Amino acid sequence: MPDTVTPTHCPYCALQCGMNLTPSPDGRAVEVSERADFPVNRGALCGKGRTAPAVLSSGVRLTSPLVRSEGGALVPASWEEALGRVAGGFGRTRAEYGADAVGVFGGGGLTNEKAYSLGKFARVVLGTSQIDYNGRFCMSSAAAAGGKAFGLDRGLPFPLEDIPRTGCVILVGSNPAETMPPSLRYFTELRENGGTLIVVDPRRTRTAEHADLHLAPRPGTDLALALGLLHLIVAEGRTDEAYVRERTAGWEETRAAAMAHWPEYVERITGVSVPELREAVRLFCEPEAAMVLTARGPEQQSKGTDTVGAWINLCLATGRAGRPLSGYGCLTGQGNGQGGREHGQKADQLPGYRKLTDPAARAHVAEVWGVDPDSLPGPGRSAYELLDALGTDIRSLLLMGSNPVVSAPRAAHVEERIRSLDFLAVCDVVLSETAALADVVLPVTQWAEETGTTTNLEGRVLLRRRAITPPAGVRSDLEVVHELAARLGGERNLEKGFPTDPEEVFEELRRASAGGPADYSGITYRRLAEENGVFWPCPASEDPGTGVHPGTPRLFLDRFATGDGRARFVPVAHRAIAEEPDDEYPVLLTTGRVVAQYQSGAQTRRVDELNAAAPGPFVELHPRLAERLGAAEGEPVAVVSRRGRAVAPARITTAIRADTVFMPFHWAGEGRANTLTNPALDPTSRMPEFKACAVRLEAVRP
Ligand code: SF4
C-alpha cells in the first residue's frame, strides 16, 4: 500500500489541475492537498476538485456488476455473468442485424488510453462504424473551424501562461469563473499588467464582472457580432495588410462578407450598440498582441463552425494568430476533451487525429493494429445522430463514461430511444440516469485508482497516477475491453491486442499516432512523470542536442499546418438560429453550468458539499419577464419548448437579457434543461444547438 503522497490531476475539467493525493491508512480513501509545482493551477483547486474523493466511497459508487433480472430490476452479479451477458447481447445483435447494429458511445472524460482502446475495439472487434462520443457536444465546432483555418485543431495553440502578457483578450461565450475557477487568475493578472478583458455573453456572469467591457448579444448572434467588429476594423484601417498578404489566403471574399455587415445592422441583430462595437475594436486593436478565446457559447450552435470561423477571421485580419502572445484558442470543457478527440473514438477518426477516410492513415493504423486496412469500417454517425438511431438501425449499445439521458439535446427523446434498445451495456463509476436503464452495468475504477494520461486544454499531455487500490468488485475500462475482446473475438484471440496495462496501451498509441497531426510518439510515461507534462506534437525524431523532441507549447509561429503554410480565411455570413422565437414560443433559452456541479452531475450530485452549494436546477430570468409572468423569486416556473417541459424555481436577476432565460443542465427529472434543447445540427461539426432555442414560460400554480 502506498503511504507516500502521489502527485496527480483532478478527474473533472479540462484545466486538469495538479493535486496531491495522500492515501488513508487502509488505502481505501485519499485526501486531496495542494500541489504547487504544477504550473497551470499553482496549487489552487475549485470545490469540485477538492471534494472529488467523496465519489470514491463505497456508499456512493458501484462496487459490483449489475444485471437486469427477469423481474426487471438491476441485481448484483459476478463479473463472469455480466461480461457473458454483454458478449451475448452484442453477438446476437451482430448475427441478426450486422456489425453496424452495435453502437459505441464514449466520453471526453476517458483517458487517452481508454479512448484509444475503445476506438480500436469498435473497429477491430465489433467491426462497427457506429462510434462517437459526448465530446461532439462540447468543442467540435471549434475543432472544425480551427482545422479549416489553421490546418490543425489544438484547443489552445499556446500555454495559459501567455494570457497575462498579451494586450487584450476577447472571451466569447465562456465563463471560467464558474467552469474552471483557478484559471480566472490568468485574466486578473492580464488586467493587473495593463491588458484588457472583453467578455461576450448574454448574461453578466461572474466572469463578465471582471471585464473591462461586457458585450451582451442576443443568444445565437455572436457570428453577426464578429462580422460587425471586422467591418469596423476594415473601415477604420486597422487590418494588418503585410500579415494578411504573407501569412493568409482568402481575404478578399471574407472582407467583402464583413463589409455587408454594417455596424447599425449588427446592432439591430445583436442588441450590442455601435459605440460598444467601436470600443471593442479599439481595445482589441490598439495593443501589439491580442487573443480571442471561445467556449461553448459560440460553439454549441447550428452555425457553430461559422461562428468560431468569424472570430478566427478577426484574428487573421489583425495579424493576431501565429505570433507571440497572440492567437485564437478554444477553452475545452471536459477533463480529456482534447485527448479524447485525438485518438479514435470520434466517428470519422483514427488515432493521432488521423482521418478515417485517408487511405494512408488507414494503412498506417492498420499496420500498428495488425489488421487489413480494408477491414476497417468507414465513418459513422455523429453523437446525436447515433443516439437518434438507437432502437432502429442500432439495436445494441456499449456506453462508456457518458450520461446522455441528462446531457444530450432533446433528452426525453434520447431517453426514449435508449429505452427502445435491444441491449444496453454501461461502464460507469456510479449508477447514472443512463446506467439505470442498462441491461448490464459494469462498475469501473476511477481517477485515483488507475493510471493513465490526459491532454489538457493547452495540448499538454499529463500523467494521472494511481494512488489507492480500487475496491475488489470493480475493474478498469481497459480490463472490460480486454475481456469483451476475448469473448467476442472467438478463436481470433483478439484480446492480445487490448492490453490492460495503461502504459502498454500508451506505447501502442505512440506508434499509432506517429506522423499524424497529434503526434505523441516522442512522449513516454517516464517523461511525463519527470517533466510535468509535454505539449504535442512531439515526434520521436531525435534532436541532435538532447536526443528528445521538447514538445510544442506554441504552434504556428513559423507557419500554419496547411499545405502552403498560410492560414485560411473562411467567408461567413450571419444567419438565424434554427428556431427563432415566435408568438407561441416568444423567449430564448440558453443553457450552461454552475460552479459547484460538473456536466451531467453524475458524480458531483453525489457530493454533499457540492449539493449544499448547488442543490438543484433553476430558471434565471429578468425582473421584467418575471413580472409579466407573475413569478416571484424561488417560485416554480415552467419552461416549455417544442420538445418538452421543464419546471424549476425562478431566480430573478438583472444580470440576464430580458428576452432570454438561462437554465443549468446538470440535473435530471422535471428540471432537466436538455428536455427543452434543440438538436438542430451544425452542417460541418454536427454540433447540436444547445445554446439557443425558443421557449415560453408558464407560471406553476400550487
Ligand atoms: Fe478540477 Fe477543473 Fe476544478 Fe481544477 S478547475 S479543480 S480541474 S474541476
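From a predicted model like this one, the values you see are computed outputs, not experimental measurements.

Caption draft 1: Examining the overall build of the protein more closely. Along its length, the protein carries 22 helices and 30 strands. Against the 2.2 N^0.38 benchmark of 27 Å for 702 residues, the protein shows a C-alpha radius of gyration of 24 Å, consistent with a compact globule. Projecting the C-alpha coordinates of the protein onto the three principal axes gives extents of approximately 75 × 70 × 50 Å. Surface accessibility of the protein: about 23500 Å² in total, with carbon and sulfur atoms responsible for 49%.

Caption draft 2: Structural context of helix H17 (residues 411-419). Looking at H17, one finds that the buried residues are Ala 411, His 413, Val 414, Glu 415, Arg 417 and Ile 418. Of the surrounding elements, those touching the buried residues of H17 are helix H15 (383-388), helix H16 (404-407) and strand E17 (423-428).

Caption draft 3: The arrangement of the site of the ligand in detail. In the neighbourhood of the ligand, the contacting residues comprise Cys 10, Tyr 12, Cys 13, Gln 16, Cys 17, Leu 45, Cys 46, Lys 48, Gly 49, Met 180 and Pro 182. Looking at side-chain class alone, the shell around the ligand contains eight nonpolar, two polar and one charged residues.

Caption draft 4: Layout of the pairing of strand E28 (residues 678-681). Both E28 and strand E29 (residues 688-689) contribute to a ladder of two bridges, which runs antiparallel. Among the inter-strand pairings, Asn 678 is bridged to a residue of E29, identified as Glu 689. The antiparallel pairing of E28 with E29 creates a hairpin that spans six residues between the two strands, and Arg 686 there sits at a positive phi of about 60°.

Caption draft 5: The pattern of salt bridges, seen in detail. Throughout the structure, instances matching the rule amount to 46 salt bridges. Salt bridges sharing partners connect three or more residues here, namely Glu 161, Asp 162, Arg 165 and Arg 554.

Caption draft 6: Main features of the sheet that holds strand E10 (residues 213-215). Strand order in the open sheet formed by five strands is E10-E9-E8-E12-E13, and the pairing between neighbours is parallel. Two strands in the sheet have a free side with no partner beyond their single neighbour: E10 and strand E13 (327-330). Adjacent strand axes in the sheet meet at a mean angle of 15° when their direction is disregarded. Where strand E8 (residues 168-172) lies against strand E9 (residues 196-200), five bridges are found, and the strand directions are parallel. Across the sheet, residue Leu 171 finds its bridge partner in E9, namely Val 199.

Caption draft 7: Structural detail: the domain arrangement of the protein. Taken domain by domain, the protein holds domain 1 (6-56), domain 2 (78-135 + 336-446 + 477-512), domain 3 (138-330) and domain 4 (587-699). For domain 1 versus domain 3, the separation of C-alpha centres amounts to 33 Å. Taken together, the contact pairs twelve residues of domain 1 with ten residues of domain 3. Of the roughly 740 Å² buried between domain 1 and domain 3 on both sides combined, carbon and sulfur atoms contribute 62%. Looking only at domain 1, the three residues that lose the most surface to domain 3 are Leu 15, Val 40 and Arg 42, adding up to 52% of its buried area. Between domain 1 and domain 3 we count one salt bridge in total. Where domain 1 packs against domain 3, one counts four residue pairs in polar contact (both at pLDDT 80 or more). Its residues placed into classes, the side of domain 1 that touches domain 3 shows nine nonpolar, one polar and two charged.

Caption draft 8: Looking closely at the side chain of Arg 605. Within the secondary structure layout, Arg 605 lies in the loop between strand E23 (587-592) and helix H21 (608-613). You can call Arg 605 buried: its relative accessible area is 18%. From its side chain, Arg 605 meets the backbone oxygen of His 666 in a polar contact 2.8 Å long. Beyond its immediate chain neighbours, meaning those up to four positions away, Arg 605 contacts Asn 403, Val 406, Glu 433, Gln 597, Ser 600, Asn 611, His 666, Trp 667 and Ala 668.

Caption draft 9: Quick peek at the packing of aromatic side chains. Scanning all chains against the criterion turns up 13 aromatic pairs. Measuring from centroid to centroid gives 6.3 Å for Tyr 116 and Trp 369, while their planes differ by 75°, and the two rings are edge-to-face. Of the two residues, Tyr 116 sits in helix H3 (residues 112-126) while Trp 369 sits in helix H14 (residues 359-369), which places them 253 residues apart along the sequence. Its relative accessible area of 2% is what places Tyr 116 among the buried residues. By relative accessible area, Trp 369 is classed as buried at 9%. When the centroid spacing of 6.4 Å and the interplanar angle of 55° are considered together, the rings of Phe 506 and Tyr 520 count as tilted.

Caption draft 10: Spatial organisation of the environment of Gly 391. Residue placement: Gly 391 occurs in the loop between H15 and strand E16 (396-400). By relative accessible area, which is 14% here, Gly 391 ends up buried. For the pair Gly 391 and Trp 311, spaced 80 residues apart in sequence, the C-alpha separation works out to 39 Å. Sequence-distant contacts of Gly 391, defined by excluding residues within four places in its chain, comprise Arg 417, Ser 420 and Leu 421.

Caption draft 11: Examining the environment of Glu 246 more closely. Among the structural elements, Glu 246 can be located in helix H8 (residues 241-247). Its relative accessible area of 53% is what places Glu 246 among the exposed residues. Put simply, Glu 246 and Leu 15 are 231 residues apart on the chain and 34 Å apart in space, counted from C-alpha to C-alpha.

Parameters and conventions
Residues numbered from 1 in each chain as written. Predicted model: local features only at pLDDT ≥ 70, side-chain atom pairs only at ≥ 80, totals over all residues. Heavy atoms only, no water. Helix = DSSP H or I, 4+ residues; strand = E, 2+ residues; numbered from the N terminus. Rg over C-alpha atoms; globule rule 2.2 N^0.38 Å. Areas by Shrake-Rupley, 256 points an atom, 1.4 Å probe, with all protein chains shown as cover. Buried < 20%, exposed > 50% of the residue type's maximum accessible area, 1.4 Å probe, protein only. Contact = heavy atoms within 4.5 Å. Near = heavy atom within 4 Å. Nonpolar A, V, L, I, M, F, W, Y, C, P; charged D, E, K, R; others polar. Pairing = 2+ DSSP bridges. Salt bridge = Lys/Arg side-chain N within 4 Å of Asp/Glu carboxyl O. Axes fitted to C-alpha atoms, helices over the stretch in contact; angles between N-to-C directions. Domains from an automatic or database assignment. Buried area = accessible area lost by both parts, 1.4 Å probe. Polar contact = N/O pair within 3.5 Å; in protein donor to acceptor, adjacent residues only side chain to side chain. Phe/Tyr/Trp six-rings, centres within 6.5 Å; stacked < 30°, edge-to-face > 60°.

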